[in-house]
Amino acid sequence: MSRLRPSRRSHVAPFMAMEALSEARALERAGRHIIHMELGEPGAPVPRLVRAAAEAALAGGGLGYGEALGDPALRARIAGHYLTRYGVEVAPERVIVTTGSSGGFMLALLAAFDPGARIAVTAPGYPAYANILASLGLEAVPLPVGAETRFAPTAAMLDAAHRDKPLDGALLMSPANPTGAMIGREEFARICAFCADAGVVFVSDEIYHGLEYAEPAQTALAFTHEAIVVNSFSKYYAMTGWRLGWLVAPEELMRPLELLQQSLAICAPTISQRAALAAFDATDELEANRAACARNRALLVERLPSMGLDRFAPPDGAFYIYADVSAFTGDSMDFCRRLLVEAGVAATPGLDFDPRRGATTVRFSYAGAEADVAEGVARLEAWLSGQARR
């Protein structure tokens, strides 16, 4: 018998959206046609300009290791993006290109916190936060959010948690996964001010920026230069599989981030960096994708209430509806399994995002192609019509 035993730090909870994907793929291999509303993956193809840039890079060769901080041209382009989009000046020297936002989180958390640090995260919230924190020996401190604050965290919540037991950091997302909720401008400013005054390191997850439907999302950099900002080419730019993201960090963290990158990843994928330079020029195509998401969103907002799902978080941005399904079930895992097997629609149980309160919520992603989302809505409606209400 092998003596090998998994480490304690590897004992993390499953990412249920990925588990749902595996179950859906198994049904597809058996011949079923499944509508995927479980993943936050854009249904639109990679922008044409990005594909052309990648082809040119392949033809030109020279795709070896790059610099640990990232290609200087891409770092400069990312910095320029903040001036163009937000009116905020960012020095390219404060940008590091990462292996997706996931790689960015690892670098940021390793550079900014020592083991045992307490980091505030929202509940419901992105499940990988808690798993990454746990694997790094950091403590996730849940901030329960709900309808009373439009599912967005507040400075008052952070203050209360800090007074109860001091926080070292806060990792917050706007627009948020799974809710789609956004932090308003004034509250964002208050959060940044609180973190600066309390000595709490603020990590701002901004990977869904560009996918807003009413008010523009705010960057933490508009209010402070002490925050660590995480962003990605995966969502708005529709480049999930290219595994490319970035950090904007305070100057004093740049050398530690560079040293960590050298050892943990060497560099972000070179071909992805070359291709991503063109992403900032693909605005017309990307905005057309956002408009398609907006139509998918409108369809769900219109149709869900008539199905008995009339309570959901305000979908300000991203591409998710986080719905209360308590009219039909007290077990979101069972609800999603039956929806998949009986109706061929994959969705993610709320327990993935809120282990304490998620038994009566489900996340529906509307990131897919419009025809697929429309069929998923129709299947969901037909299936729910045959379900007994509690």
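Residues numbered from 1 in each chain as written. Predicted model: local features only at pLDDT ≥ 70, side-chain atom pairs only at ≥ 80, totals over all residues. Heavy atoms only, no water.

Participant: Quick question: what am I supposed to make of the overall build of the chain here?
Facilitator: Counting secondary structure elements, the chain contains 12 helices and 12 strands. Taken over C-alpha atoms, the radius of gyration comes to 21 Å for the chain, in line with the 21 Å a tight globule of 390 residues would show. Principal axes of the C-alpha set define a box for the chain whose edges measure 60 × 60 × 55 Å. Buried positions account for 55% of the 390 residues belonging to the chain. Contacts spanning at least 24 positions in sequence make up 74% of the contacts within the chain whose residues lie at least 6 apart. For the chain, the centre of its 36 positive side-chain charges and the centre of its 44 negative side-chain charges are spaced 5 Å apart. (Helix = DSSP H or I, 4+ residues; strand = E, 2+ residues; numbered from the N terminus. Rg over C-alpha atoms; globule rule 2.2 N^0.38 Å. Buried < 20%, exposed > 50% of the residue type's maximum accessible area, 1.4 Å probe, protein only. Contact = heavy atoms within 4.5 Å. Lys, Arg positive; Asp, Glu negative; His and termini not counted. Charge placed at Lys NZ, Arg CZ, Asp CG, Glu CD.)

Participant: Sorry if this is basic, but what is going on with the sheet that holds strand S12 (residues 361-365) here?
Facilitator: Sheets are built from strands that pair by backbone hydrogen bonding, the pairs being arranged parallel or antiparallel. The sheet built from three strands is open, its strands ordered S9-S12-S11 with antiparallel pairing. What marks the edges here is a single partner per strand, and that holds for strand S9 (320-324) and strand S11 (348-349). Sheet analysis places S9 next to S12, joined by five bridges and oriented antiparallel. Across the sheet, residue Asp324 finds its bridge partner in S12, namely Thr361. (Pairing = 2+ DSSP bridges.)

Participant: Could you clarify how one ought to interpret empty space enclosed by the protein in this entry?
Facilitator: Where empty space is left in the structure can be found by rolling a water-sized probe over the atoms. Counting across every chain of the model gives one cavity of 30 Å³ or more. Taken as a whole, the largest cavity encloses approximately 120 Å³ of empty space. Lining the largest cavity are 18 residues, and of these Thr122, Pro124, Met173, Ala176 and Asn177 sit closest to its centre. When the residues that make up the lining of the largest cavity are grouped by side-chain class, the tally is 14 nonpolar, four polar and no charged. (1 Å grid on protein atoms, 1.4 Å probe; cavity = no way out; pocket = protein on both sides within 12 Å on 5 of 7 lines; lining within 4 Å. Points joined across faces, edges and corners; volume = space filled by probe spheres on them. Nonpolar A, V, L, I, M, F, W, Y, C, P; charged D, E, K, R; others polar.)

Participant: Explanation requested: the packing of helix H11 (residues 332-343) against helix H12 (residues 370-385) in the structure shown.
Facilitator: When two helices pack together, their arrangement is given by the angle between the helix axes and by the axis-to-axis distance. Running from N to C, H11 and H12 point in directions that differ by 110°, and their axes come no closer than 11 Å. On the basis of their axis angle, the class for H11 and H12 is roughly perpendicular. Facing Phe335, Arg338, Leu339, Glu342 and Ala343 of H11, the residues of H12 in contact are Arg379, Leu380, Trp383 and Leu384. Looking at the contact of H11 with H12, its residues break down into six nonpolar, no polar and three charged. (Axes fitted to C-alpha atoms, helices over the stretch in contact; angles between N-to-C directions. Parallel < 35°, antiparallel > 145°, perpendicular 65-115°, else oblique.)

Participant: Help me out: how do you make sense of the sheet that holds strand S8 (residues 245-248) in this one?
Facilitator: Spatially, seven strands are ordered S2-S8-S7-S6-S5-S3-S4 in an open sheet, and the strand pairing comes out mixed. Each end of this open sheet is capped by a strand with a single partner; those strands are strand S2 (95-98) and strand S4 (139-144). Neighbouring strand axes in the sheet, compared pairwise and without regard to direction, differ in orientation by 25° on average. Contacting strand S5 (169-173) and strand S6 (201-205), helix H7 (residues 185-198) runs over the sheet at an angle of about 150° to S6.

Participant: What am I meant to see in unusual backbone geometry here?
Facilitator: Excluding glycine, a negative phi dihedral is what most residues carry, and trans is how most peptide bonds are arranged. That bond from Ala123 to Pro124 is cis: its omega, 5°, falls within 30 degrees of zero. Its place among the elements puts Pro124 in the loop between strand S3 (118-123) and helix H5 (127-135). Note the cis peptide between Ser174 and Pro175, where omega equals -5°. Looking at where Pro175 falls in the secondary structure, it is placed in the loop between S5 and H7. In this model, Arg150 sits at a positive phi of 60°, which is unusual for a non-glycine residue. Turning to its location among the elements, Arg150 is positioned in the loop between S4 and helix H6 (155-164). In this structure, Ile266 is a non-glycine residue whose phi angle is positive, near 70°. By the element assignment, Ile266 lies in the loop between helix H8 (251-264) and helix H9 (270-276). A residue is classified by how much of its surface remains accessible, and Ile266, at 35% relative accessible area, is partly exposed.

Participant: Explain the environment of Pro127 to me, please; I cannot follow it from the model alone.
Facilitator: By the secondary structure assignment, Pro127 is in helix H5. Distance from Pro127 to Cys293, taken between C-alpha atoms, is 23 Å for residues 166 residues apart in sequence. Beyond its immediate stretch of four places on either side in the chain, Pro127 contacts Phe15, Asp352 and Phe353.

Participant: Is there a simple way to think about the nonpolar core in this case?
Facilitator: Soluble globular proteins tend to bury their nonpolar side chains together. Counting residues in each nonpolar core, the largest one holds 112 residues, and the members touching the most others are Leu158, Phe202 and Phe233. Apart from the residues lying within four places of it in its own chain, the contact partners of Leu158 are Ala120, Leu143, Leu167, Ala170, Leu172, Ile191, Phe194 and Cys195. (Core = buried A, V, L, I, M, F, W, Y, C linked by side-chain atoms within 4.5 Å.)

Participant: Just to check I follow, could you spell out H7 for this structure?
Facilitator: Side chains that are three or four residues apart share a direction in an α-helix, a result of its 3.6 residues per turn. Relative to the 20 Å expected for 14 residues at 1.5 Å per residue, H7 spans 20 Å between its end C-alpha atoms, a close match to the ideal helical length. Burial in H7 covers these residues: Glu187, Phe188, Ile191, Cys192, Phe194 and Cys195. Viewed end-on, H7 has its buried residues packed into an arc of 160°, placing them on one side of the element. Opposite its buried face, H7 presents the exposed residues Glu186 and Asp197, each directed more than 90 degrees away. Along its buried surface, H7 packs onto H6, S5 and S6. Looking one or two residues beyond H7, the residue adopting positive phi is Gly199, at roughly 70°. (Expected span 1.5 Å × (residues − 1). Arc of directions from axis to C-beta.)

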